Amino acid sequence: MTETVDLERVLRDASLRVTRPRRAVLSAVAGNPHADTDTIIEAVRQEHPAVSHQAVYDSLRLLTRLGAIRRIQPHGHNARYEARVGDNHHHVVCRSCGNIADVDCAVGEAPCLAPSHHHGFEIDEAEVLYWGVCPDCKDRLAA
């Protein structure tokens, strides 16, 4: 599911209604990869000013639970959301500005799902974060 999900199908498969806030939130997440909640609320309200903060929070929680969007929260940062799901990709985070970018899994088919020791867990997802300094911050720090 690396393309934007079919929201109507996801919701109906879960026996849930397709609502304006849910559609607007998915659209905002798809249009603003790695956006925080405030950014998503702002994007939703540009199209639908009457949608409440609570409706956005509820939709984010529901869409995350259903697997339609992914929630990431690098240590020390607010939660971020993205519509790219189901492909076991990772992220790189700038230590200076907090910018986040996608990083495809490096080698083979989901190699991170085969840890050296699984401790009895049934592994179904791996989350890898790379940390560094983005090109803009590197240039700014060098100046």
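See the structure above.
Since the structure is predicted, the reported quantities are computational estimates derived from the model, not experimental observations.

1. Topic: the pattern of salt bridges
With the rule as written, the count across this model stands at five salt bridges. The salt bridge partner of aspartate 58 is arginine 61, with a shortest N-O separation of 3.2 Å. One end of the pair, aspartate 58, and the other, arginine 61, are both in helix H4 (residues 53–65), three residues apart, so they sit about a helical turn from each other. Look at aspartate 58 and you get partly exposed, because its relative accessible area is 35%.

2. Observations concerning the environment of alanine 50
For alanine 50, the location among the structural elements is in the loop between helix H3 (37–47) and H4. Residues alanine 50 and alanine 28, spaced 22 residues apart in sequence, show a C-alpha to C-alpha distance of 15 Å.

3. Structural notes on the sheet that holds strand S6 (residues 129–132)
The mixed open sheet is built from three strands, whose spatial order is S5-S4-S6. Edge strands, defined here as strands with exactly one partner in the open sheet, are strand S5 (100–103) and S6. Direction aside, the axes of adjacent strands within the sheet are offset by 25° on average. Looking at chain direction, strand S4 (residues 90–94) and S6 are connected through four bridges and run parallel. Looking at the pairing, valine 93 lines up with tryptophan 131 of S6.

4. Concerning the side chain of aspartate 36
Inspection of the secondary structure puts aspartate 36 in strand S1 (residues 35–36). The charged side chain of aspartate 36 is buried without a salt bridge, its nearest counter-charge being arginine 80 at 5.1 Å. When near neighbours in sequence (up to four residues on either side) are disregarded, aspartate 36 contacts Asn78, Ala79 and Arg80.

5. Remarks on the side chain of histidine 34
Counting through the fold element by element, histidine 34 comes out in the loop between helix H2 (20–31) and S1. Here histidine 34 falls in the buried class, since its relative accessible area comes to 8%. At a separation of 2.9 Å, a polar atom in the side chain of histidine 34 contacts the side chain of glutamate 82. Once residues within four sequence positions are removed from consideration, histidine 34 is found in contact with Ile72, Arg80, Tyr81, Glu82, His91, Ile100, Ala101 and Asp102.

Each value, and the rule that gives it
Counting from 1, residues in each chain are numbered in the order their sequence is written. Local features in this predicted model are restricted to residues of pLDDT 70 or higher, and side-chain atom pairs are both shown and tallied only at a pLDDT of 80 or more, whereas totals for entire chains, interfaces and linings draw on every residue. Only heavy atoms go into the side-chain values, all of them from the structure, while hydrogens and water stay out. Salt bridges are counted wherever a side-chain nitrogen of Lys or Arg sits within 4 Å of a carboxyl oxygen of Asp or Glu. Helix and strand definitions follow DSSP, with helices as H or I runs of at least four residues and strands as E runs of at least two, each counted in order from the N terminus. Think of it in three bands: residues with accessible area under 20% of the maximum for their type are buried, residues over 50% are exposed, and the middle band is partly exposed, with areas taken using a 1.4 Å probe on protein chains only. When DSSP locates at least two bridges between a pair of strands, those strands are taken to pair. Throughout, an axis means a line fitted to C-alpha atoms (over the contacting stretch in the case of helices), and angles, computed between N-to-C directions, take values from 0 to 180 degrees. Here Asp and Glu are counted as negative and Lys and Arg as positive; His is not counted, and neither are the chain ends. A contact between two residues is defined here by any heavy atoms of the two lying within 4.5 Å. Side-chain atoms alone can form a polar contact between residues adjacent in sequence; in general such a contact is a pair of N or O atoms within 3.5 Å, and within protein one must be able to donate a hydrogen while the other accepts it.

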